[in-house]
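Structural description and commentary
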Amino acid sequence: MNLSAIANEILSCTRCPLYQERQRAVPGEGSPHARIMLIGEAPGAQEDIQGRPFVGRSGKILDNALRNAGLKREELFITSVVKCRPPNNRLPRKVEVETCVEDHLQRQIRVIQPAIICILGGVSAKALLGETNLSSIRGHLIQRDHLYFPTYHPAAAGRNPAWRMIFESDLVNLRSLIDAI
Ligand code: URA
């Protein structure tokens, strides 16, 4: 199974209730050979309209931080835990997260085999590491079934100037870590 076959399944997925209100599913995008995968929470309004990850307000914050770290979007693979927008941007529910991670995200990870998975925010940290306290692991490399590097979600960084500085410096550190592997 390759990435575009997985993306096609995501685009027509009806395995959880989120499909009912989506305009477009957002499989994610980037390089099939990416050494870094960035995994956010769920598409927002703009992503739902355009079918692309991180193209709204949090996408601008992410793009700035990537540019500042010398990381190029096209060399990464950017996606989210849940591929369809939860109504009114509510948090994705446990069953939605579990279904989407098992059926789609884990397969994307298996195909890409990234050297580092950068976790963006608490929902992603909970889904991938079972960790409910993001601040206790943020900025640390964590070896599990893969190598994980958790940081803030760009939307959270956008709401808090101190977090934004930390988020930007985390991505600079991520760049150094990937260069050293
Ligand atoms: N937030 C996410 O977690 N993912 C997106 O694609 C957009 C916003």
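Look a little higher up for the structure.
Below you will find a few notes about this structure.

Taken together, six strands build an open sheet; the order of strands is S1-S3-S2-S4-S6-S5 and the sheet is mixed. Pairing within the sheet leaves two strands with one partner each, and these edge strands are strand S1 (29–30) and strand S5 (142–143). For strand S4 (residues 116–120) and strand S6 (residues 147–151), the ladder comprises four bridges, and the chain directions are parallel. Residue pairing in the sheet places Ile117 in a bridge with Tyr148 of S6. Its contacts with the sheet place helix H4 (residues 94–112) against strand S2 (36–40), strand S3 (77–80) and S4, and it is angled at close to 170° to S2.

This next bit is on the packing of helix H3 (residues 57–69) against helix H8 (residues 161–180). Axis separation between H3 and H8 bottoms out at 8 Å; the angle between their running directions is 45°. When the interaxial angle is binned, H3 and H8 end up oblique. Crossing geometry of H3 relative to H8 is assigned as right-handed. Here Ile61, Leu62, Asn64, Ala65, Leu66, Asn68 and Ala69 of H3 come into contact with H8, specifically with Arg164, Phe167, Glu168, Leu171, Val172 and Arg175. Taken together, the residues of the contact of H3 with H8 sort by class into eight nonpolar, two polar and three charged.

Moving on, we get to the site of the ligand. Residues in contact with the ligand, as listed here, are Gly40, Glu41, Ala42, Glu47, Pro53, Phe54, Ser58, Ser80 and His153. A distance of 3.2 Å separates a nitrogen atom of the ligand from a polar backbone atom of Ala42. Here the ligand loses 95% of its free accessible area of 230 Å² to cover by the protein chains. Residues of the shell around the ligand, tallied by class, amount to three nonpolar, four polar and two charged.

Thresholds, definitions, all that
Residues numbered from 1 in each chain as written. Predicted model: local features only at pLDDT ≥ 70, side-chain atom pairs only at ≥ 80, totals over all residues. Heavy atoms only, no water. Pairing = 2+ DSSP bridges. Helix = DSSP H or I, 4+ residues; strand = E, 2+ residues; numbered from the N terminus. Contact = heavy atoms within 4.5 Å. Axes fitted to C-alpha atoms, helices over the stretch in contact; angles between N-to-C directions. Parallel < 35°, antiparallel > 145°, perpendicular 65-115°, else oblique. Left-handed = near helix turned anticlockwise from the far one by under 90°. Nonpolar A, V, L, I, M, F, W, Y, C, P; charged D, E, K, R; others polar. Near = heavy atom within 4 Å. Polar contact = N/O pair within 3.5 Å; in protein donor to acceptor, adjacent residues only side chain to side chain. Areas by Shrake-Rupley, 256 points an atom, 1.4 Å probe, with all protein chains shown as cover.

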